[in-house]
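# Notes for the structure review
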Amino acid sequence: MNKMFIELAIRNSNPKYNLVSRNRKTITIGDIKTEFVKAQSYKMSRMLIKNDHKYIGIVDFTMKNPLDNTPWIESFVIHKKFQGSNTSKQAYDYFESILRRKTNTCRLAVYKRNKSAVCFWVKMGYTPYEVKVREGKVCLLMEKRY
C-alpha cells in the first residue's frame, strides 16, 4: 500500500485534531503531498510507526529547526484506535530513545485547545516555555531536556 494512503488513514482517524489544526474533519491526499513538500523544505524526517506489523502512527521531526537550531517534533500522530492505551507512550519512548543518542533537548508546539495532546506531552515530560499564535490559533511551545 502506498505510504501516503497509510498516512491519510492515520490522520483521518483523528477528526477532532484535523478540526483543530485544519478547520475541517478530514484531509486529502493533496494535503499529505503538501506536508511532504513542506517537510522536505525544512529538512524534516518522517517516520511511520509500526506496532505488530501494522502502521499506527506518524512522526515528523527535524534535528535542527532553522528558527532556533534545536530539535523539533513537527507532528506526532497516532491512529485513533491505538490512543488511550500505552501504545502512544511506547511509540514516543522509542522515538525519544533515538533522539537521546543525538541530543539532550527537544521542542514541539501543541494547540492549546487540544487538551488531550497537552496532557500527553506533559506526561511525556514536556513543559511549556512560551505561548504563540499560529495562523490565529493559540499554541504552547513545549520543551523537554534529557
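Data block above holds the structure.
Summary of the structure given here. Note that the structure is a prediction, hence the values are computed from the model and not measured.

Conventions and cut-offs
Residues numbered from 1 in each chain as written. Predicted model: local features only at pLDDT ≥ 70, side-chain atom pairs only at ≥ 80, totals over all residues. Heavy atoms only, no water. Helix = DSSP H or I, 4+ residues; strand = E, 2+ residues; numbered from the N terminus. Rg over C-alpha atoms; globule rule 2.2 N^0.38 Å. Buried < 20%, exposed > 50% of the residue type's maximum accessible area, 1.4 Å probe, protein only. Contact = heavy atoms within 4.5 Å. Areas by Shrake-Rupley, 256 points an atom, 1.4 Å probe, with all protein chains shown as cover. Lys, Arg positive; Asp, Glu negative; His and termini not counted. Charge placed at Lys NZ, Arg CZ, Asp CG, Glu CD. Core = buried A, V, L, I, M, F, W, Y, C linked by side-chain atoms within 4.5 Å.

### Section: the overall build of the protein chain
- Scanning the protein chain from N- to C-terminus turns up 5 helices and 6 strands.
- Taken from N to C terminus, the helices and strands of the protein chain fall in the order α-α-α-β-β-β-α-β-α-β-β.
- Its C-alpha atoms give the protein chain a radius of gyration of 15 Å, within 12% of the compact-globule value 15 Å for 146 residues.
- Over its C-alpha atoms, taken along the principal directions, the protein chain stretches across nearly 35 × 35 × 30 Å.
- Scored against the burial criterion, the 146 residues of the protein chain give a buried share of 45%.
- Expressed as a percentage of contacts within the protein chain between residues at least 6 apart in sequence, the contacts between residues at least 24 apart total 52%.
- Surface summary for the protein chain: the accessible area is close to 8,900 Å², and the carbon and sulfur share equals 53%.
- Within the protein chain, one finds 29 positive and 12 negative side-chain charges whose respective centroids are separated by 3 Å.

### Things to note about the nonpolar core
- Ile 73, Phe 76, Tyr 92, Val 110, Trp 121 and Tyr 126 are the most contacted members of the largest nonpolar core, which totals 23 residues.
- Elements supplying a minimum of two residues to this core: strand S2 (54–62), strand S3 (72–78), helix H4 (87–100), strand S4 (105–111), helix H5 (115–123) and strand S6 (137–145).

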